[in-house]
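Listed below, chain by chain, are the residues.
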Amino acid sequence: MKKKWHKKLDKVIKDNKRILTKSADLLSYGFDGSFGQFKPERVVQPISREEVAEVLKLANKHSIPVYPRGQGTCLSGGPLPVKGGIVLDTCRMTSKLIIDSENLTAVVSPGIITSKIKEAVDKEGYFYPPDPSSAHVSTIGGNIAENSGGPRGLKYGVTGNYVLGLEVVTPEGEIINTGGRTIKNVTGYNLTSLIVGSEGTLGVVTEITLKLIPKPKSRVSLLAVFDDLGDSGRAISGILSSGIMPSAMEIIDKYCINAVENYNPAGYPTDAAAILLIELDGHPKAIEEEIRQIDQMCREIGARDVQSAVEEGEQNKLWEARKLVSPAIAKIKPTKISEDATVPRSKIPEMFERLNEIREKYNIELVVFGHAGDGNLHPNILTDKRDKDEIKRVEMAVSEIFEAAIDLGGTLSGEHGIGTMKAPFMEKELGHIGLDMMKRIKEVWDPNNIMNPEKIFPEKGQSKLVLTE
Ligand SMILES: Cc1cc2nc3c(=O)[nH]c(=O)nc-3n(C[C@H](O)[C@H](O)[C@H](O)COP(=O)(O)OP(=O)(O)OC[C@H]3O[C@@H](n4cnc5c(N)ncnc54)[C@H](O)[C@@H]3O)c2cc1C
């Protein structure tokens, strides 16, 4: 039987094709790129901020949980409808993609796929640097909510560094604007920064103003091959402390190299312990000198080979293969737990040692790749959720990965967010008072706790990761 709020929802979204109610549809909105399956009561697909506002007003009045969702590629459980209610699918909100050349800004709708924005900006001769590996499938709204990063975070920063202003529908259904179109803006509290990375817990982003920058004149990629994982870590520190700032510096360990080569061969050396993939951009003369220095430094530290790729096609091949690491390792075993524990750059070699110990202690398939240039590693555990014994060991291993990152002065998440997966560990990083201050902000913004409940904040007594159903 239809509940009262179901009937009211039919009036808010008049085109009833944009309210999904069939069991199969509901189930298909019940998972993301992480772990767990849930079923919402309704999926709504608004196309305007007014519709979003009406949905939230209704939900707020009836205390119905609302779970904003982009393309569901989240790796921390962010869009999972853990308490049922409404999934608010933003993927049809794609009407605006305006590039303002005079002000070097772009105004975009939240449901647009990030790579489409990058392509449009590129065509106009500008550059939007944030480049999550999922850029071709994830939405800009999802990127804002997670403050997503990517390989270029090293030199150019993450999504949040390019957000000038936002239009947001609050949990009570009010439409507000934060920030604006200017490069500088210090009027009052920085609500834009608060919303960026808030994982859909403070409202729904309905429009975004992005900062663009001029396109670098040239770009070269290098592939440095190491027979020792520790040497590759030392090379990262060496390059960065020499004053060279690559636009990206990625590390891929032997397990990931082999997974990629089995999945879609790219010519990565399968007998190496690790490779560093380095991108330099800027003035061609400066890049020439930087290549020479990096080549020499890597060889002195122990690289067996350093190759450079100048042609666009050659470079794209190297980076496309990097993007395939995630799908490639997913072939190793059916369940993939993807982490993004991040440590200060100087602690990368130590973090590698800790990860090695964890792999051996728990006898698990733990592989590592990631944005090593900024300390943001991606330890991934490949397992099978049906194997109860192994999953118990994986739960303990994941906890130890988080502990290792925090012990080394790092953080639970460099870019994937907290979602459901890391909520139990928040107090460990922030302390009781730090976490409480965040909770108080949430309570003020969302007094009825309808926006994405059970995310970021641990439930009472939730102090460890539970992967078993
Ligand atoms: C293969 C693969 C590679 C990846 N590589 C990277 C990477 O390099 N860097 C990185 O940072 N992440 C990466 N990710 C994670 C993921 O792609 C990003 O977090 C992405 O930003 C999520 O976008 P989405 O559209 O899929 O959002 P969803 O997964 O649907 O949602 C993510 C969060 O955003 C909220 N949300 C979505 N839209 C809105 C909105 N309009 N308003 C308010 N809240 C909203 C949701 O509630 C949820 O909490 C990767 C994922 C995969 C599967």
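Read on for a plain summary of the structure. (Residues numbered from 1 in each chain as written. Predicted model: local features only at pLDDT ≥ 70, side-chain atom pairs only at ≥ 80, totals over all residues. Heavy atoms only, no water.)

1. What about the pairing of strand β10 (residues 204–211)?
Every other side chain in a regular strand lies on the same face of the sheet, so the side chains alternate between the two faces. As a reminder, the rule being used: Each residue is placed in one exposure class: buried if its accessible area under a 1.4 Å probe, protein chains only, is under 20% of its type's maximum, exposed if it is over 50%, and partly exposed if it falls in between. Under the DSSP-based scheme used, a helix requires at least four consecutive residues in state H or I and a strand at least two consecutive residues in state E, with every element numbered from the N terminus. Pairing between strands is defined by DSSP: at least two bridges between the two strands are required.
Burial runs high along β10: seven of the eight residues are buried. The sheet contact formed by strand β8 (residues 163–169) and β10 spans six bridges and is antiparallel. In the strand pairing of β10, V168 is matched with V205.

2. Remarks on the site of the ligand
Condition: Proximity criterion: a residue is near a molecule or strand once any of its heavy atoms comes within 4 Å of it. Throughout this description, a polar contact denotes any pair of N or O atoms lying within 3.5 Å of each other; where both atoms belong to protein, one of them has to be capable of donating a hydrogen while the other can accept it, and for residues adjacent in sequence the pair is counted only when both atoms sit in side chains. All accessible-area figures derive from a Shrake-Rupley calculation using a 1.4 Å probe, and residue coverage is judged against the displayed protein chains alone. When residues are grouped by polarity, Ala, Val, Leu, Ile, Met, Phe, Trp, Tyr, Cys and Pro land in nonpolar, Asp, Glu, Lys and Arg in charged, and all others, Gly among them, in polar.
Lining the immediate environment of the ligand, one finds 33 residues, of which P68, G70, T73, S134 and T139 sit closest. At a separation of 2.8 Å, an oxygen atom of the ligand approaches a polar backbone atom of S133. When the free accessible area of the ligand is taken as 980 Å², the share hidden by the protein chains comes to 94%. Looking at which element gives the most residues to the shell around the ligand, the answer is helix α5 (residues 140–146), with five residues. Per-class residue counts for the shell around the ligand are nine nonpolar, 20 polar and four charged.

3. A short note on the sheet that holds strand β4 (residues 86–89)
For the record, the criterion: We call two residues in contact when some of their heavy atoms are within 4.5 Å. Convention adopted: a line fitted to C-alpha atoms gives each axis, helices being fitted over their contacting stretch, and angles between N-to-C directions are expressed from 0 to 180 degrees.
Read from one edge of the open sheet, four strands run β1-β2-β4-β3, paired in mixed fashion. Of all strands in the sheet, those with a lone pairing partner are β1 (19–20) and β3 (66–69), marking the two edges. Bridge analysis of β3 against β4 gives four bridges, and the strand direction is parallel. Across the sheet, residue V66 finds its bridge partner in β4, namely I86. Where helix α3 (residues 49–62) meets the sheet, it contacts β2 (42–44), β3 and β4, and its direction lies at approximately 165 degrees from that of β4.

4. Focus on the nonpolar core
The following threshold applies: Take the buried residues of types Ala, Val, Leu, Ile, Met, Phe, Trp, Tyr and Cys, join any two whose side-chain atoms come within 4.5 Å, and each joined set is a nonpolar core.
Grouped together as the largest cluster of nonpolar side chains are 59 residues, with contacts concentrated most on C298, M351 and I381. The dominant element in this core, judged by the number of residues it contributes, is helix α14 (residues 388–407), at nine residues.

5. Comments concerning helix α15 (residues 426–445)
Residue pairs three or four apart in sequence face the same way in an α-helix, which turns once every 3.6 residues. Condition: Take the residue count of a helix, subtract one, and multiply by 1.5 Å to get its expected span.
Its 20 residues give α15 an end-to-end C-alpha distance of only 20 Å, which falls more than 12% under 28 Å, the value for a rise of 1.5 Å per residue. All of the buried residues along α15 are M426, L435, K442 and W445. Next to the buried residues of α15 lie β9 (175–179) and α7 (191–195).

6. What to know about empty space enclosed by the protein
What counts here: Here a cavity denotes grid points, spaced 1 Å and computed from the protein atoms alone, that fit a 1.4 Å probe unable to get out, and a pocket denotes an open set having protein on both sides within 12 Å along at least 5 of 7 lines; residues with an atom within 4 Å of a point are the lining. Grid points are joined across faces, edges and corners, and a volume is the space filled by probe spheres set on the points.
Counted by the stated rule, this structure contains one cavity of 30 Å³ or more. Considered as a void within the structure, the largest cavity measures approximately 40 Å³ in volume. Around the largest cavity sit G33, S34, F35, L75, K336, I337, S338 and M421, which together line it. Partitioned by chemical class, the residues of the lining of the largest cavity number four nonpolar, three polar and one charged.

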